[in-house]
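One-letter residues, chain by chain:
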Amino acid sequence: MSPWVQLHAQTNGMVAPCCMASTNEETKLADLNDDPNLVNAWNSDKMKELRLNMLKGKKSSICENCYKYEALGNISERMKYNRDFKEHYKRVLRTQKDGSLPNDDVLILDMRFSNKCNYKCRICDSSYSSQWYDEEQKLGKKPLLPSAKKMIIAADKQSFDDSFYHSLRSIQKIHFAGGEPLVMDEHFQVLDYLIQKKMSHVHVSYNTNFSSLKYKDYDVIKMWNQFELIDIWASLDGMFERGDYMRKGQRWHKIEENIHTVQKECHSVLFGVNITVSILNVFHLPEFITYLIEQKFVYPDRINLYLLFYPAYYNLTQLPPHIKKKATDELYQFRDGFVKNIKETNHLAQHIDYIINYMNSEQGIELHKARYWLTKVDELRRENFEDTFPELRFLLDENIKGE
């Protein structure tokens, strides 16, 4: 349903059906740096082709990440869109023979206005974080997508803004991510606009590092309280020293403080946690999830586990077989113990199962790259992986290979 209800654009202007899309120069549906008009992107040649492929049951390479999740027995974003937006199926029936839709009423806008961010997470790069750019230059590290220190969604800001605010008239949901939306001027300007237009019915959702609730003269709590529903998905991969190492810029005590503030002061917020699972936190996962639930920070069914696919050298398939077995045993023990004894257990148990399935689905051969980048970034940042993750010391052992 996504190509019939949503427009998504990344920090470099590439248009995709959703945030899970595998987007590059070959697969992008449009490019807002070539044409900043969102209305034109809605019925671009590639968007029309994608719709027709879906109607024919033909796979498209831009959707490969969802196919991977489905192959592991997991509910993919593609399947979630079909579940959550089935009431809009009439839009599919209005699809023209060329794949176009006869009007430009977009129901969901998911825009990454820029790569501005206050973090430089180990698994990220300058495509999604401006903080990474200078370090990449020093390290000679290439980002996954073409990037610059400051990236904006469209070169012609005025033309983009005109089409963006035109599209707001029909939306039911707007999703903010980045970079980090809570430190972006554009995000607060959009909230201001919706408030002024008395569009409190719009469902506002986020992927955010949840590091800050105030920006310049804006108090986001006061703004959120003027909407009927705020859906927050905090990107948190770990807690205390481990979490702060993985997500450089995070201060765990501040995250806890912000969660308490929202629980106390914001009546309209649904809070959830998205955990990106990699070789860095797979052994930390049971302790982290247990802590989140026991501290009553989040309900079990509001915890999502996402697989890290890129950079490939940090994904779970890189672990040596005997380490995979250890991680598998610990995750099964966690699933059949703590998880089984809490309410709403199916959601979390299923996520743990597909994490295990993916980890054991193939054997990666890039563990040496993980070792290289852990060491190089440690040297630059004056950090010490071995001290922070003593249980993962083996990753630095040149005699241990992933294959």
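Up top you'll find the structure we're talking about.
Residues numbered from 1 in each chain as written. Predicted model: local features only at pLDDT ≥ 70, side-chain atom pairs only at ≥ 80, totals over all residues. Heavy atoms only, no water.

### As for the packing of aromatic side chains
This is how it is decided: A pair of aromatic rings is counted whenever rings of Phe, Tyr or Trp (Trp by its six-membered ring) have centres within 6.5 Å, and the orientation is called stacked for planes under 30 degrees apart, edge-to-face for over 60 and tilted otherwise. Exposure is judged per residue with a 1.4 Å probe applied to protein chains only, and the accessible area is read against the type maximum: over 50% gives exposed, under 20% gives buried, and values in between give partly exposed. The criterion for a charge sitting over a ring is simple: Lys NZ or Arg CZ within 6 Å of the ring centre, and within 35 degrees of the ring normal.
Under the defined criterion, the tally for this structure stands at 25 aromatic pairs. Pairing Phe385 with Phe389 gives two aromatic rings, centres 5.0 Å apart and planes at 25 degrees, and the pair type is stacked. Assessed through its relative accessible area of 0%, Phe389 is described here as buried. Stacked on the ring of Tyr67, the Lys or Arg Lys59 has its end atom at 4.9 Å from the ring centre. Its end group placed over the ring of Trp132, Lys141 keeps NZ or CZ at 5.3 Å from the ring centre.

### Thoughts on the pairing of strand β4 (residues 108-111)
Using the following cut-off: The numbering of helices and of strands both runs from the N terminus, where a helix is a DSSP run of H or I of at least 4 residues and a strand a run of E of at least 2. One requirement defines pairing of two strands: DSSP has to find at least two bridges between them.
Of the two faces of β4, the one lined by Ile108 and Asp110 and the one lined by Leu109 and Met111 are each fully buried. When β4 meets strand β5 (residues 173-176), the two strands line up parallel, connected through four bridges. If you follow Ile108 over to β5, its bridge partner there is Lys173.

### A word on the sheet that holds strand β9 (residues 230-235)
Strand pairs in the sheet, formed through backbone hydrogen bonds, run parallel or antiparallel to each other. Spelled out, the test is: Whether two residues touch is decided by their heavy atoms; if any such pair falls within 4.5 Å, the residues are in contact. A fitted line through C-alpha atoms serves as each axis, taken over the contacting stretch for helices, and the angle formed by two N-to-C directions is quoted from 0 to 180°.
Strand order in the open sheet made by the nine strands is β3-β2-β1-β4-β5-β6-β9-β10-β11, with mixed pairing throughout. This sheet does not close on itself; its edge strands, each paired only once, are β3 (30-31) and β11 (303-307). Sitting on the sheet, helix α9 (residues 185-196) is in contact with β5 and β6 (203-208), with an inclination near 160 degrees to β5.

### What to know about unusual backbone geometry
The peptide bond linking Gly178 to Gly179 adopts the cis configuration, its omega dihedral lying at 20 degrees. Mapping Gly179 onto the fold places it in the loop between β5 and α9. At the junction of Tyr310 and Pro311, the peptide bond is cis and its omega measures out at 0 degrees in the coordinates. Assignment of secondary structure puts Pro311 in the loop between β11 and α14 (321-336). In this model, Phe210 sits at a positive phi of 60 degrees, which is unusual for a non-glycine residue. Residue classification places Phe210 among the buried residues on the basis of a relative accessible area of 0%.

### Details of the environment of Ile255
Along the chain, the position of Ile255 falls in helix α12 (residues 252-265). In this structure the C-alpha to C-alpha distance between Ile255 and Gln295, which are 40 residues apart in sequence, comes to 13 Å. Here Ile255 is in contact with Tyr119, Asn209, Phe210, Ser211, Leu236 and Gln250, once residues within four sequence places are set aside.

### So, the pairing of strand β1 (residues 6-9)
Here β1 shows no split at all, with Gln6 and His8 on one side and Leu7 and Ala9 on the other all buried. Sheet topology note: the β1/strand β2 (residues 14-16) ladder contains two bridges and is antiparallel. Its bridge partner lying in β2, Ala9 is registered against Val15. From the end of β1 to the start of β2, which pair antiparallel, there are four residues, and Gly13 there has a positive phi angle of about 90 degrees.

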